[in-house]
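Residues per chain are reported as follows:
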Amino acid sequence: MRVTLKIWRQKEADSPGFFERHPVEKVSEDMSFFEMLDMLNDQLVLAGKTPIAFDHDCREGICGTCGLFINGRAHGPLTGITTCQLHMRSFKDGETIVVEPWRAKAFPVIKDLIVDRISFDRIMEAGGYVSINTGGTPDANEIPIPKANADEAMDAAACIGCGACVATCKNSSAMLFVSAKVSQLALLPQGQPEREIRVSNMVTQMDKEGFGSCTNTGACEVECPKEISIIHIARLNREFIKSSF
Amino acid sequence: MSLLKSVFISSIGKKILMATTGLLLCLFLVIHLIGNLILFSGPDAFNLYVETLSRVKPIVRAIEIILSLIFLIHIFFGSKLTLENRSATPQKYNINSAGENSSFFSRNMFIGGSILFIFLITHLSTFWYIFQNQHDEGNFYNIVMGNAVGFGNPIITTLYCIAMILLGFHLRHGFQSAFQTFGLRYNKYSGLIETVAMLFWLIIPLGFLSIAVWFGIVGGGY
Ligand code: HEM
Ligand code: SF4
Ligand code: FES
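In this text the structure is predicted, and so the values were computed from the model without any measurement.

Draft legend 1. Molecular detail of the site of ligand 2. Residue and element names in this part refer to chain A. Around ligand 2, the surrounding shell holds 13 residues, and the nearest of these are Cys159, Cys162, Gly163, Cys165 and Cys224. Counting atoms within 2 Å of the grid points, the majority share of ligand 2 lands in the second largest cavity. Those elements that provide at least two residues to the shell around ligand 2 are α4 (164-168) and α5 (175-186). Here the residues of the shell around ligand 2 sort into 11 nonpolar, 2 polar and no charged.

Draft legend 2. Structural view of the environment of asparagine 153 of chain B. Residues and elements named next belong to chain B. Along the chain, asparagine 153 turns up in the loop between α7 (140-145) and α8 (154-181). Residues asparagine 153 and leucine 53 lie 100 residues apart in sequence; the distance between their C-alpha atoms is 26 Å. Excluding residues that lie within four positions of it along the chain, asparagine 153 makes contacts with Gly146, Asn147 and Ala148. From its side chain, asparagine 153 meets the backbone nitrogen of isoleucine 155 in a polar contact 2.9 Å long.

Draft legend 3. Summary view of the nonpolar core. If you look at the biggest cluster of nonpolar residues, it comprises 41 residues, and the most contacted ones within it are Val178 and Phe211 of chain A. Listing elements by their share of this core, those giving two or more residues are α2 (118-125), α4, α5, α6 (195-208) and α8 (231-243) of chain A together with α2 (11-37) of chain B. For this core, the leading source of residues is α5 of chain A, giving 6 residues. Residues from two domains meet in this core; each of domain 1 (3-111) and domain 2 (118-243) of chain A gives at least three. The next biggest cluster of nonpolar side chains, apart from the first, holds 32 residues, and it includes Tyr160, Phe175, Ala197 and Leu209 of chain B.

The rules behind these values
Residues numbered from 1 in each chain as written. Chains lettered and ligands numbered in written order. Predicted model: local features only at pLDDT ≥ 70, side-chain atom pairs only at ≥ 80, totals over all residues. Heavy atoms only, no water. Near = heavy atom within 4 Å. 1 Å grid on protein atoms, 1.4 Å probe; cavity = no way out; pocket = protein on both sides within 12 Å on 5 of 7 lines; lining within 4 Å. Sits in = over half its atoms within 2 Å of the grid points. Helix = DSSP H or I, 4+ residues; strand = E, 2+ residues; numbered from the N terminus. Nonpolar A, V, L, I, M, F, W, Y, C, P; charged D, E, K, R; others polar. Contact = heavy atoms within 4.5 Å. Polar contact = N/O pair within 3.5 Å; in protein donor to acceptor, adjacent residues only side chain to side chain. Core = buried A, V, L, I, M, F, W, Y, C linked by side-chain atoms within 4.5 Å. Buried < 20%, exposed > 50% of the residue type's maximum accessible area, 1.4 Å probe, protein only. Domains from an automatic or database assignment.

From the geometry alone we can't say anything about function, so treat these as descriptive.
Structure follows, in structure tokens:
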């Protein structure tokens, strides 16, 4: 198949960006989206041009490094997958595919399609951990945890920090990410000692980073590759209210 | 975080102010609708209702002041949050298929709310203002039906109907959103909240619409 990419180019953080058109020939529909980009980059290098910079690492949907806004959707047209899990069979022969970086004040573009998500790291530093020495692996069932809680904590822990929730949100709100991080610990015994200070500090940091506030549009849970539910945002709100008294 | 700071400074706190004032406004709508439905019982019942209200003027005034404050907080923080959220997203996407992941109503609460605000001002400057300066106690019903500011005027009736449909849209997202903001959504109850929310956003505007349609379009009342 043959596709045309309309792709965002930006030399560095402060330079103005622009869209560039690249026809890509001989694309197999079994290629991943990134393999198609790799192919295009090889051609650009051969032609003496600068290849397109995009973030990726594991290429199997577990690290959270990748993330492109493709044809108006975070991580492309499918749901429940990261960009690296997207294949060319999701596109039509001859289609023009618009590729943009995540857009949010708190995620500034570094180069081309790569954005700086260090704001997420600072939110994690503000409280997304337990500050106890956990020691060696304890025996299973030494600390009893209700199955329902374990399941929900596990669902929340699936967040890979990719930032699609922020990218897709009309307010650039980081509530889904923060709610996943707060939930996974609020549901488990190990998270209890720092439960209140954690939510308070993480929300303060989230606001400081310049993310917007949540208006419950629910776009994030649709685009989240790990299908984190906004039920966790409700818990975050609840935890925050409780921590304020 | 201190309570005051959490409520007025943090993003979640400001949302809680929106949700609290929003639900209080919903409560007001219920009371207002029940009052208006008395129109269906005819002129005597409606005039008696308005007269009774004017006999307890101090109480009505106190409630009006509280209600204005609720509106002001809702509008002030609604506008503030909208501006903050816009500045959090300085660069728009070239293509954004937002329709694939969220409802139109949820994305346009500020625009819907702002049009409701214009309606509110018009509504107050006509009905409320005229009722205040009306001393002929048998005349309230006639004002509502008349063609100066009432349903006798097709333009008024049309604008009223449009405003009520917009109110439905605002409530469609807003009512259930408030429960999410309070953290009151659990997997167990989300079905229940959705059902109640749907009944609410349908019944309230339909109630007001029924009045406009019956007296303004069908021509009941006389
Ligand atoms: C009868 C009048 C009104 C009622 C009953 C009402 C009700 C509500 C409710 C229940 C919410 C949801 C709060 C939440 O998401 O937690 C809300 C949100 C909102 N309202 Fe209103 N409202 C009214 C008038 C207005 C007006 C006049 C404005 C004018 C600017 C406005 C602007 C907004 C905005 C910007 C939001 C936030 C939307 C969001 O979070 O997505 N509303 N309203
Ligand atoms: S909540 Fe989902 S979309 Fe947001 S960062 Fe985590 S995995 Fe990505
Ligand atoms: S590259 Fe690791 S999730 Fe996509």
